[in-house]
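Chain by chain, the residues run as shown.
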Amino acid sequence: MDLTRHIHTFGHYLKRRFGETVHKLSLAGDFTCPNRDGTLGRGGCTFCNVRSFGREAASLSIAAQIEREKAKTGRARRYLAYFQAYTSTYAEVETLRALYDEAMAAADVAGLCVGTRPDCVPDAALDLLASYQDRGAEVWLELGLQTAHDRTQALIRRGHGLADYRDAVARAHARGLKVCAHLIAGLPGESADDAHETLRTVLDIGAEGLKLHPLMIVRGSRMAAQYRCGEIAPMDLDAYADLAADLIRHTPPEVVYHRISATAQVPTLIAPDWCGPRWAALQAIGERLARNGGQGSALGREWRP
């Protein structure tokens with residue numbers, strides 16, 4: 001199924017921006033997180049696997065990681081360097097500059113995507129990112145909000161609240177940076193109405209992009225123990241596809257969806273098992289959008305590629 005018929009996808013955005021296919025390369029800069037190193041807490045958020053991202057990759061140089069990731073992706077002539085693992089602005093600005101510069105030194109790297117926490121984006125880091133954009137690079141600041149509800153943030157031991165996100169977005173937008181908000185559907189205690197409220201809040205604050213995925217129970221997380229005790233349960237595929245499609249229909253067509261689901265593999269993935277196959281959720285969401293209307297249709301201005 002061609003999702004670009006129903007969703008303003010990141011791939012479509014990049015192809016229109018560059019006139020050709022552009023792939024993201026996931027990189028690790030050996031960052032940690034204030035919710036792990038004792039600044040805010042230890043062990044990370046309750047959904048996070050302490051061994052899930054980046055440690056092996058970070059033993060390689062950024063240049064070596066880029067070459068390795070290029071070999072894994074489909075053929076493309078241009079790439080975006082995606083600093084994905086942990087909190088990729090959580091270092092002194094000169095450390096960040098060295099890592100980002102190494103990535104941008106590759107002739108076929110056209111820009112940066114930097115994943116981080118809303119409470120870890122000092123002005124110096126934003127100024128640095130803006131400097132690449134000012135030189136013509138494609139730059140996205142990816143902020144892991146997950147939910148707009150502070151009660152849930154506390155429950156999952158996130159270590160920040162909506163106010164931190166609101167502040168980070170305002171300072172990023174003041175520098176002309178594009179923001180992609182990461183959201184998780186199905187967090188403990190949250191309903192579909194809560195997910196819609198999160199979406200409305202994020203859109204009201206302002207976001208150029210969204211990443212949406214279901215809650216996954218992964219090995220090594222606190223939630224894994226809660227799941228085994230029957231304290232939490234992830235969404236089934238139909239429930240997630242229904243909710244995701246409805247959220248997409250309530251999203252303005254100019255907002256770019258960088259992701260609408262996520263996958264993991266055994267032994268990392270414990271549940272739900274439908275997050276193992278890559279296409280299961282995408283197919284289910286696409287079918288609902290084809291039947292009921294695509295992105296923005298609930299707002300009366302549906303996406304058209």
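Read on for an overview of the structure. (Residues numbered from 1 in each chain as written. Predicted model: local features only at pLDDT ≥ 70, side-chain atom pairs only at ≥ 80, totals over all residues. Heavy atoms only, no water.)

Some thoughts on the packing of helix α6 (residues 162–174) against helix α7 (residues 192–205)
Packing of α6 against α7 leaves a shortest axis separation of 10 Å and a crossing angle of 30°. It follows from the interaxial angle that α6 and α7 lie roughly parallel. Our pair here, α6 against α7, has a crossing hand that is right-handed. Judged by residue contacts, Leu162, Tyr165, Arg166 and Val169 of α6 engage Thr201, Val202 and Ile205 from α7. The residue inventory of the contact of α6 with α7, partitioned by class, reads 5 nonpolar, 1 polar and 1 charged. (Axes fitted to C-alpha atoms, helices over the stretch in contact; angles between N-to-C directions. Helix = DSSP H or I, 4+ residues; strand = E, 2+ residues; numbered from the N terminus. Parallel < 35°, antiparallel > 145°, perpendicular 65-115°, else oblique. Left-handed = near helix turned anticlockwise from the far one by under 90°. Contact = heavy atoms within 4.5 Å. Nonpolar A, V, L, I, M, F, W, Y, C, P; charged D, E, K, R; others polar.)

Some words on the side chain of Ser261
Residue placement: Ser261 occurs in the loop between β8 (256–259) and β9 (269–271). Looking at Ser261, the relative accessible area reads 9%, which means it is buried. Filtering out sequence-adjacent residues up to four positions away, Ser261 remains in contact with Leu212, His213, Pro214, Tyr240, Trp274, Ala281 and Leu282. (Buried < 20%, exposed > 50% of the residue type's maximum accessible area, 1.4 Å probe, protein only.)

Considering the pairing of strand β3 (residues 109–116)
Consecutive side chains of a regular strand alternate in pointing toward one face of the sheet and then the other. By the criterion of burial, β3 is predominantly enclosed, with 8 of the 8 residues buried. Across 5 bridges, strand β2 (residues 78–83) lies against β3 in parallel orientation. In the sheet register, Tyr82 faces β3, and the bridge partner there is Cys113. The parallel pair β2 and β3 is bridged by helix α3 (residues 93–104), and the resulting crossover is right-handed. Summarising the sheet, β3 and strand β4 (residues 138–146) pair through 6 bridges and their orientation is parallel. (Pairing = 2+ DSSP bridges. Right-handed = clockwise from strand over helix to strand, strands pointing away.)

Quick word on the nonpolar core
Counting residues in hydrophobic clusters, the biggest one holds 74 residues, and the most contacted among them are Phe83, Tyr100, Leu112, Tyr165 and Ile285. Ranked by residue count, the leading element in this core is helix α9 (residues 237–249), at 7 residues. (Core = buried A, V, L, I, M, F, W, Y, C linked by side-chain atoms within 4.5 Å.)

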